[in-house]
There are 2 protein chains.
Amino acid sequence: MPEKRQYGQFCGLASAMEIVGERWTMLIIRELLIGPARFSDLTDNLPGVSPNMLADRLRFLTDQGIIAVDRVPGDARGKLYRLTPLGAELRPAVHGLARWGMSFLTDEDAARSTSRAAWGFLALQTMIDVGTPLAVDEEYEFRVADEVFSIAVHDGKATAQRGPAHQPALVIHADAETFIRIGAKLISPFEAVITGRIKAEGDLDAIQRCTQLLGLDQPRRAAA
Amino acid sequence: MPEKRQYGQFCGLASAMEIVGERWTMLIIRELLIGPARFSDLTDNLPGVSPNMLADRLRFLTDQGIIAVDRVPGDARGKLYRLTPLGAELRPAVHGLARWGMSFLTDEDAARSTSRAAWGFLALQTMIDVGTPLAVDEEYEFRVADEVFSIAVHDGKATAQRGPAHQPALVIHADAETFIRIGAKLISPFEAVITGRIKAEGDLDAIQRCTQLLGLDQPRRAAA
DNA sequence: CCGGATCCGTAACGATACTG
DNA sequence: CAGTATCGTTACGGATCCGG
């Protein structure tokens, strides 16, 4: 049994990378941050991962107390993987990385890669993390592919959640790829509406406020 | 020339992991977040890294616009690697990971691993990120191994910087390992003072306030 | 000495096939 | 559905060597 590779540094970052730094591990965490998932959900949403590695990773992360396994109520042999509280504490780090990585997405990536609505939801959350809070009290709803999520702005705080908004000032309909392209600032929300790539129910002012909340009115970072 | 491994997902996190997700890359970023460094500085502070991999990583990160190379003023053949603004934007993500990873550090790690004062400085910064701001106006100074850094609390905001404090309410002397052990909550600041592992100049109240600022009065996260 | 490049053994990963 | 078993490929780790 070969010994696991370690860094041998008494440092929080090195420690973190020994646990979640291997290939695919962060993406597995991402999937479980979206919600509990079965083995086959993970293989479906992580195209290219081999079952062998996925099993390795799940075993290791379980041993480390980062994920836990539940039985599926109705299914005797079904297992449901979920993050433990310890695992859920990776969310800020994952958001930070995802936000940073979005500026590397290109139009060619969009063409060659698969897109999922849930990844757009992740992007939305990372944008709220650093966005400018607004002095309004309203909600926005997003219908991306077959999933629905929303942003609620109350008391100067914006929060994202799955599911529909209560009385949305704005409802956006989009496919996953377009939604992520907007988050990556490859296309502006207004441009997407005009060209018909997304459909918006609500007035232009609401679109403007939502755009500002998410920092989408700021230019993309210039290349270094 | 083999094609680089990619995830093929149109997602910010996948994109980030394709760029900084390989082994050692994050630790190289960490070193450059501490400050610009030469090739040999990096090999010294990343024990176990092979020169060919370090050269590979530096080349790739340079191509991606994450690091840049300067000439050392006095040395014709010396090169100084530094982060670009794009690379420096990784700081929040690195802090998030480092903070999370600190709770995995153990006493056995401390014994087997190398410690550096700069990693303690990193830990300090991550603790400020989430600490409770205090309604005081004072500064704390830390002399760890042969390095000096400090925290300034003004207007309800705490900031960390290299170098000494102006009129420190507290000066802490410690070795790197002990300092990181305190950050990892393997030992409390008070316990460290009492057992003589660190030396504190300042009154107990100042220690108390600093401890609270850094969240060191909170218990370590329980195992999941 | 600094900043690498070359070579080779080992560990990790990827694809496919197969099983309780 | 939830994984193993097997095997070829890629990446990493360690040592050595090289040109300024």
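Refer to the preceding data block for the structure.
Residues numbered from 1 in each chain as written. Chains lettered and ligands numbered in written order. Predicted model: local features only at pLDDT ≥ 70, side-chain atom pairs only at ≥ 80, totals over all residues. Heavy atoms only, no water.

S.K.: Quick question: what am I supposed to make of the sheet that holds strand E3 (residues 138–144) of chain B here?
M.R.: Strand pairing in a sheet relies on backbone hydrogen bonds. The paired strands run either parallel or antiparallel. Residue and element names in this part refer to chain B. Strand order in the open sheet formed by 5 strands is E5-E4-E3-E6-E7, and the pairing between neighbours is mixed. Looking at strand neighbours, the two that pair on one side only are strand E5 (157–162) and strand E7 (199–201), the edges of this open sheet. Recorded for the sheet is a direction-independent mean angle of 15° between the axes of neighbouring strands. Of the strand pairs in this sheet, E3 and strand E6 (residues 170–174) are connected by 5 bridges, and their pairing is parallel. (Pairing = 2+ DSSP bridges. Helix = DSSP H or I, 4+ residues; strand = E, 2+ residues; numbered from the N terminus. Axes fitted to C-alpha atoms, helices over the stretch in contact; angles between N-to-C directions.)

S.K.: Explain the protein's contact with DNA strand D to me, please; I cannot follow it from the model alone.
M.R.: With respect to spatial proximity, 23 residues lie near DNA strand D, and among them Lys 79 and Tyr 81 of chain A together with Arg 23, Met 53 and Arg 57 of chain B are the closest. Near-protein atoms of DNA strand D (within 4 Å) split between backbone and bases, with sugar and phosphate holding 76%. Arg 59 of chain A places a side-chain nitrogen or oxygen 3.0 Å from a phosphate oxygen of DNA strand D. One nitrogen or oxygen atom from the side chain of Trp 24 of chain B is found 3.0 Å from a phosphate oxygen belonging to DNA strand D. For the surface near DNA strand D, the element with the most residues is helix H4 (residues 51–63) of chain A, which contributes 4 residues. A per-class count over the surface near DNA strand D returns 7 nonpolar, 6 polar and 10 charged. (Near = heavy atom within 4 Å. Polar contact = N/O pair within 3.5 Å; in protein donor to acceptor, adjacent residues only side chain to side chain. Nonpolar A, V, L, I, M, F, W, Y, C, P; charged D, E, K, R; others polar.)

S.K.: Help me out: how do you make sense of the sheet that holds strand E7 (residues 199–201) of chain A in this one?
M.R.: Residues and elements named next belong to chain A. Within the open sheet, the 5 strands sit side by side as E5-E4-E3-E6-E7. Their pairing is mixed. The sheet is open, and its two edges are formed by strand E5 (157–162) and E7, each paired on a single side. Neighbour-to-neighbour, the strand axes of this sheet turn through a mean angle of 15°, independent of strand direction. Sheet topology places strand E6 (residues 170–174) next to E7; 3 bridges connect them, and they run antiparallel. Within E7, the residue paired with Val 171 across the bridge is Glu 201. Taken strand by strand, helix H11 (residues 204–213) contacts strand E3 (138–144), strand E4 (147–154), E5, E6 and E7, and its axis lies near 85° from that of E3. (Contact = heavy atoms within 4.5 Å.)

S.K.: Mind showing me how you'd approach the pattern of salt bridges here?
M.R.: Opposite charge on two side chains lets them pair, provided their charged atoms get close. Residues and elements named next belong to chain A. Under the defined criterion, the tally for this structure stands at 18 salt bridges over all chains. In this structure, the salt-bridge partner of Glu 31 is Arg 116, at a minimum N-O distance of 2.6 Å. With Glu 31 in helix H2 (residues 25–34) and Arg 116 in the loop between helix H7 (107–112) and helix H8 (117–130), the pair connects residues that are 85 residues apart, well separated along the chain. Among the ionic pairs, Arg 143 bridges to Glu 141, the shortest N-O distance being 2.8 Å. For Arg 143, a relative accessible area of 34% translates into the label partly exposed. Through salt bridges with shared partners, one network takes in Arg 30, Glu 31 and Arg 116. (Salt bridge = Lys/Arg side-chain N within 4 Å of Asp/Glu carboxyl O. Buried < 20%, exposed > 50% of the residue type's maximum accessible area, 1.4 Å probe, protein only.)

S.K.: Even after reading the chapter, I still don't get the interface of chain B and chain A, so can you show me in this structure?
M.R.: For interface size, the figure often reported is the accessible area lost on association. Taken together, the contacts link 57 residues of chain B with 57 residues of chain A. For the pair chain B and chain A, the summed buried surface comes to about 4,900 Å²; carbon and sulfur atoms form 71% of the total. When residues of chain B are sorted by the area they lose upon contact with chain A, Phe 10, Leu 13 and Trp 100 of chain B head the list and together hold 20% of the total. One can count 0 salt bridges joining chain B with chain A. Linking chain B to chain A there are 16 residue pairs in polar contact (both at pLDDT 80 or more). Those elements that place two or more of their residues in the side of chain B that touches chain A are helix H1 (12–20), helix H2 (25–34), helix H6 (91–102), helix H7 (107–112), helix H8 (117–130) and helix H9 (176–183) of chain B. (Buried area = accessible area lost by both parts, 1.4 Å probe.)

S.K.: What's the story with the pairing of strand E4 (residues 147–154) of chain B in this structure? I'm lost.
M.R.: Taken residue by residue, a regular strand's side chains alternate between the two faces of the sheet. All names here are of chain B. In the sheet, E3 pairs with E4 via 7 bridges, with the strands oriented antiparallel. Paired with Glu 138 across the strands is Val 153, a residue of E4. Linking E3 to E4, which pair antiparallel, is a turn of 2 residues; within it Ala 145 sits at a positive phi near 50°. Judged from the 6 bridges that link them, E4 and E5 form a sheet pairing that is antiparallel. Note that in E5 the partner of His 154 across the bridge is Lys 157. Between the antiparallel neighbours E4 and E5 lie 2 residues, among them Asp 155 with a positive phi of about 55°.

S.K.: What is the right way to look at the packing of H2 of chain B against helix H4 (residues 51–63) of chain B in this model?
M.R.: Two packed helices can be described by the angle between their axes and the distance between those axes. Residue and element names in this part refer to chain B. Orientation of H2 relative to H4, taken along the N-to-C sense of each, is 70°, at an axis distance of 11 Å. With respect to their mutual orientation, H2 and H4 come out roughly perpendicular. For the pair H2 and H4, contact is made by Thr 25, Ile 28 and Ile 29 and by Leu 54, Arg 57, Leu 58 and Leu 61, respectively. (Parallel < 35°, antiparallel > 145°, perpendicular 65-115°, else oblique.)

S.K.: How should the packing of aromatic side chains be read in this particular structure?
M.R.: In this description, an aromatic ring pair is defined by two values, namely the gap between the centres and the angle between the planes. Considering all chains together, one arrives at 12 aromatic pairs over all chains under this definition. Between the aromatic rings of Trp 24 of chain A and Tyr 7 of chain B, the centroid separation amounts to 4.7 Å while the plane-to-plane angle is 75°, which identifies the pairing as edge-to-face. Here Trp 24 of chain A is found in the loop between helix H1 (12–20) and H2, whereas its partner Tyr 7 of chain B is found in the segment before H1 on a different chain. On the accessibility criterion, Trp 24 of chain A (5% relative accessible area) is buried. For Tyr 7 of chain B, a relative accessible area of 9% puts it in the buried group. The structure contains a cluster of three or more aromatic residues connected by ring pairs, namely Phe 121, Phe 142, Phe 149 and Phe 179 of chain A. We note Arg 23 of chain A situated over the ring of Tyr 7 of chain B; from NZ or CZ to the ring centre the distance is 4.4 Å. (Phe/Tyr/Trp six-rings, centres within 6.5 Å; stacked < 30°, edge-to-face > 60°. Lys NZ or Arg CZ within 6 Å of the ring centre and 35° of its normal.)

S.K.: Whenever I open this one, the relation of the copies chain B and chain A confuses me. Can you help?
M.R.: Mapping between the two copies of the chain is achieved by a rotation about an axis and a shift along the axis. The two copies are related by a screw operation: chain B maps onto chain A through 180° of rotation and 0.0 Å of translation along the axis, at an RMSD of 0.1 Å. The symmetry that links the two subunits is that of a two-fold axis. Closest approach to the rotation axis within chain B is made by the C-alpha atom of Ala 93 of chain B, at a distance of 2.5 Å. (Least-squares fit on C-alpha atoms with pLDDT ≥ 70 in both.)

S.K.: It is not clear to me how the layout of surface pockets should be interpreted in this structure. Could you clarify?
M.R.: By rolling a water-sized probe across the atoms, one finds the places where empty space is left. One number sums up the size of the largest pocket: a volume of about 1,300 Å³. Forming the boundary of the largest pocket are 48 residues, of which Pro 92 of chain A together with Pro 92, Ala 93, Gly 96 and Asp 129 of chain B lie nearest the centre. Only helix H6 (91–102) and H8 of chain A together with H6 and H8 of chain B provide two or more residues apiece to the lining of the largest pocket. In terms of residue count, the dominant contributor to the lining of the largest pocket is H6 of chain B (7 residues). Tallied by class, the residues present in the lining of the largest pocket amount to 17 nonpolar, 18 polar and 13 charged. Considered as a void within the structure, the second largest pocket measures approximately 660 Å³ in volume. Taken together, 20 residues line the second largest pocket, and the ones lying closest to its centre are Glu 22 and Arg 23 of chain A together with Gly 21, Glu 22 and Arg 23 of chain B. (1 Å grid on protein atoms, 1.4 Å probe; cavity = no way out; pocket = protein on both sides within 12 Å on 5 of 7 lines; lining within 4 Å. Points joined across faces, edges and corners; volume = space filled by probe spheres on them.)

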